[in-house]
Amino acid sequence: SNTISVLSNDGQSFHKIDKMLKYEEWFQWAPSNNFLGYIQGSNRISTINKKLEIMKMSKDTKFIYTPRGYVDRDLTWKSDNQIFVSRSAESDLVDVAQRPMPSIYQINLQTKKQRKVTSPSSGKGDFYPISIDNGKSLIWIRTNREQASVLIANMNGMKQRVWIEEIDLGTWYYEHWNWDEVFSLYQP
């Protein structure tokens, strides 16, 4: 397993945070706060034992936001108090075609309220959420494991539309795709 750690900017404090997979997109700092969001969990399979945790560095406290029976697979910050995750039911099914596919959920860190933002049709899943336009729009990748498209909507998931059709799939490893190999968004 890999360990996520944080080193203070003066090099004086080193904190071991948790165990997680070596996916750079699975940890992100809040836009303007010292909150570290990351997908915690060991085991190489993305559909078991993966939980969204938020580490509040100033208080040295961690909070888990993933409900029992679910896994979180990607994340993006909307604001210091809101985050989006790609979430599916937890499953260790060997048959890949039967593994649950995720939807995008929005989590309010203050109220702890969570709500489903996307509802892909059967056999499709929503991955790699990206908050854009200062938190006004959301982009994500929808795939059926054979082809993928980039979708865009407002932050409530309303007015969804396909933005880019038929992109290649990133490298696949146990239900994790390296989407940054096939899609990169420039935000000036």
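The model shown is predicted, which means the values in this text are computed figures rather than measured ones. (Residues numbered from 1 in each chain as written. Predicted model: local features only at pLDDT ≥ 70, side-chain atom pairs only at ≥ 80, totals over all residues. Heavy atoms only, no water.)

Draft legend 1. Expanded view of the nonpolar core. If you look at the biggest cluster of nonpolar residues, it comprises 24 residues, and the most contacted ones within it are Leu-52, Ile-54, Trp-77 and Ile-83. Looking at this core, the elements with two or more residues in it are strand E1 (2–7), strand E2 (14–20), strand E4 (35–40), strand E5 (51–56), strand E7 (70–79), strand E8 (82–89) and strand E9 (103–108). The element contributing the most residues to this core is E4, with 4 residues. Apart from the residues within four sequence positions on either side, Ile-83 is in contact with Leu-52, Ile-54, Leu-75, Thr-76, Trp-77, Lys-78, Tyr-105, Gln-106, Ile-107 and Leu-109. (Core = buried A, V, L, I, M, F, W, Y, C linked by side-chain atoms within 4.5 Å. Buried < 20%, exposed > 50% of the residue type's maximum accessible area, 1.4 Å probe, protein only. Helix = DSSP H or I, 4+ residues; strand = E, 2+ residues; numbered from the N terminus. Contact = heavy atoms within 4.5 Å.)

Draft legend 2. Seen up close, the sheet that holds strand E11 (residues 125–132). Strand order across the open sheet formed by 4 strands is E11-E12-E13-E14, with antiparallel pairing between neighbours. Each edge of the open sheet is held by one strand with a lone partner, namely E11 and strand E14 (161–167). Sheet twist, expressed as the average angle between the axes of neighbouring strands with direction ignored, equals 20°. (Pairing = 2+ DSSP bridges. Axes fitted to C-alpha atoms, helices over the stretch in contact; angles between N-to-C directions.)

Draft legend 3. Representation of the pattern of salt bridges within the structure. One pass over the full model with this rule turns up 7 salt bridges. In this structure, the salt-bridge partner of Asp-72 is Arg-87, at a minimum N-O distance of 2.7 Å. Taken together, the residues Asp-72 in strand E7 and Arg-87 in strand E8 connect sequence positions 15 residues apart. Taken individually, Asp-72 and Arg-87 each receive the classification buried, so the pair is uniform in this respect. With its nearest N and O atoms 3.9 Å apart, the salt bridge here joins Arg-99 to Glu-175. Residue Arg-99 is located in the loop between E8 and E9, and its partner Glu-175 is located in the loop between strand E15 (172–173) and strand E16 (176–177); the two are separated by 76 residues in the primary sequence. Look at Arg-99 and you get buried, because its relative accessible area is 8%. Residue classification places Glu-175 among the buried positions, given a relative accessible area of 1%. Connected through shared salt-bridge partners, Arg-73, Arg-99, Arg-145 and Glu-175 make up one network. (Salt bridge = Lys/Arg side-chain N within 4 Å of Asp/Glu carboxyl O.)

Draft legend 4. Structural view of the sheet that holds E8. Taken in spatial order, the 4 strands of this open sheet run E7-E8-E9-E10, and their pairing is antiparallel. Each edge of the open sheet carries a strand with a single partner, namely E7 and strand E10 (114–116). Direction aside, the axes of adjacent strands within the sheet are offset by 30° on average. Taken together, the 6 bridges between E8 and E9 define a ladder with antiparallel strand orientation. Among the inter-strand pairings, Val-85 is bridged to a residue of E9, identified as Tyr-105.

Draft legend 5. Local environment of the packing of aromatic side chains. Applying the stated criterion across every chain yields a total of 8 aromatic pairs. Aromatic pair Phe-127 and Trp-177: ring centres 5.1 Å apart, planes at 70°, arrangement edge-to-face. Taken together, the positions of Phe-127 in strand E11 and Trp-177 in strand E16 put the pair 50 residues apart, joining distant regions of the chain. With respect to class, Phe-127 is no different from Trp-177; both count as buried. (Phe/Tyr/Trp six-rings, centres within 6.5 Å; stacked < 30°, edge-to-face > 60°.)

Draft legend 6. Expanded view of the pairing of E5. For E5, a buried count of 6 out of 6 residues is recorded, marking the element as mostly surrounded by other parts of the structure. Burial along E5 is two-sided: Lys-51, Glu-53 and Met-55 and Leu-52, Ile-54 and Lys-56, pointing in opposite directions, are all buried. Here E5 pairs with strand E6 (residues 61–64) via 4 bridges, running antiparallel. Bridge assignment links Lys-56 to a residue of E6, and that residue is Thr-61. The turn linking E5 back onto E6 is made up of 4 residues, and Asp-60 within it adopts a positive phi angle of 55°.

Read these as spatial facts, not as claims about activity.
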